[in-house]
Amino acid sequence: MDINALKLLLPPPIEQINLIFSKDKKINIDILRLDKIHPHISGNKFFKLKYNLIQAKQEGKNELLSFGGPYSNHLHALAALGSAMGIKTIAYIRGDKVENACLHDCKNYGMELHFISYALYKKKYDTDFLMQIQTRYPNAFIIPEGGNNDLGKKGCEEILSPNQNENYDLISCAMGTGTTVKGLMKNYQGHFFVHAPFKNKDVGYEILEKEHFKGKLFLQHDTDFGGFGKYNPALINYIEKFKENYNIALDFVYNAKTFYYLEKFLTENKAYDGKKILHIHTGGLQGNRSIFQPAL
Ligand SMILES: *Cc1c(COP(=O)(O)O)cnc(C)c1O
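Below you will find a few notes about this structure. (Residues numbered from 1 in each chain as written. Predicted model: local features only at pLDDT ≥ 70, side-chain atom pairs only at ≥ 80, totals over all residues. Heavy atoms only, no water.)

## Quick notes on the sheet that holds strand 4 (residues 88–94)
The sheet built from four strands is open, its strands ordered 5-4-3-6 with parallel pairing. What marks the edges here is a single partner per strand, and that holds for strand 5 (112–116) and strand 6 (140–142). When strand polarity is set aside, the average angle formed by the axes of neighbouring strands in this sheet is 25°. Relative to strand 4, strand 3 (residues 63–68) runs parallel, the two sharing six bridges. (Pairing = 2+ DSSP bridges. Helix = DSSP H or I, 4+ residues; strand = E, 2+ residues; numbered from the N terminus. Axes fitted to C-alpha atoms, helices over the stretch in contact; angles between N-to-C directions.)

Okay, here's the thing in structure tokens:
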């Protein structure tokens, strides 16, 4: 099956919200709704998988194998994409065997799941370990965790068309591996607000500062919520208020924190008053099922 037969909502819609800071301060923010491109293959993960899938086909591989945590948006998208394309998918999952809504979906999409220890999972980029896996699955095309490779980046270069990029003074996006932001940088030379949802301030700089645009990058780490995947009542409240005010759901790992810190940043930096700002909504809403019941 051709990848174009997936009925993706491309290009994804851009919606505008009026972020209200106070009585006399409102800022228009455009939101690129990657969360809307497909009900199951959501967000930036489709773009990261696209060229991996094409490459797999070119190499005559008929299985896709990858790595992730038990609530991985990447594995969820991979399973859904594989199922839609009639390709078998295999996952190595970090930690003890668990059951949850994400893995339940993955299994329903026909994904084969293997749980491995944290120690073994750390070897996910190790050549010997990957060779062992390849020997076990000779027909599998192996995709790194999060779709973090050059093919993933190439797909992310297509998130924004070149003429869309020019209109913005600031683009806001969350980073995990940084693949998405690096892809976005290809055509966009303006300023970036990037949220790295980690407590460790080293994560992120090394990855992004190497890229071509020093001085235009505002990298914000998670100072208020405890780090990756952590949340507290203030964050939950932020997500609920956001949904109430703008009718847009945010995932608690990436987009909610990015918006929260973007608001702070815009409050402190008057330079962007009246400027054109775009937030890339990278999706990830399936992961909210780990904390919201029923789902938002
Ligand atoms: C994976 C993911 C990211 C991070 O993307 P990277 O390319 O790894 O930086 C951001 N947002 C959501 C919702 C994700 O699932």
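## Overview of the site of the ligand
The environment of the ligand is made up of 15 residues, and the closest members are Lys45, Lys48, Thr177, Thr180 and Thr282. Backbone polar atom of glycine 176 to an oxygen atom of the ligand: 2.7 Å apart, as the coordinates give it. The side chain of threonine 180 places a nitrogen or oxygen atom 2.6 Å from an oxygen atom of the ligand. Protein contact buries 97% of the 380 Å² of open area that the ligand shows by itself. For the shell around the ligand, the elements supplying multiple residues, two or more each, are helix 1 (44–58) and helix 8 (179–185). When residues in the shell around the ligand are grouped by element, the largest group, three residues, is from helix 1. By residue class, the composition of the shell around the ligand is two nonpolar, eleven polar and two charged. (Near = heavy atom within 4 Å. Polar contact = N/O pair within 3.5 Å; in protein donor to acceptor, adjacent residues only side chain to side chain. Areas by Shrake-Rupley, 256 points an atom, 1.4 Å probe, with all protein chains shown as cover. Nonpolar A, V, L, I, M, F, W, Y, C, P; charged D, E, K, R; others polar.)

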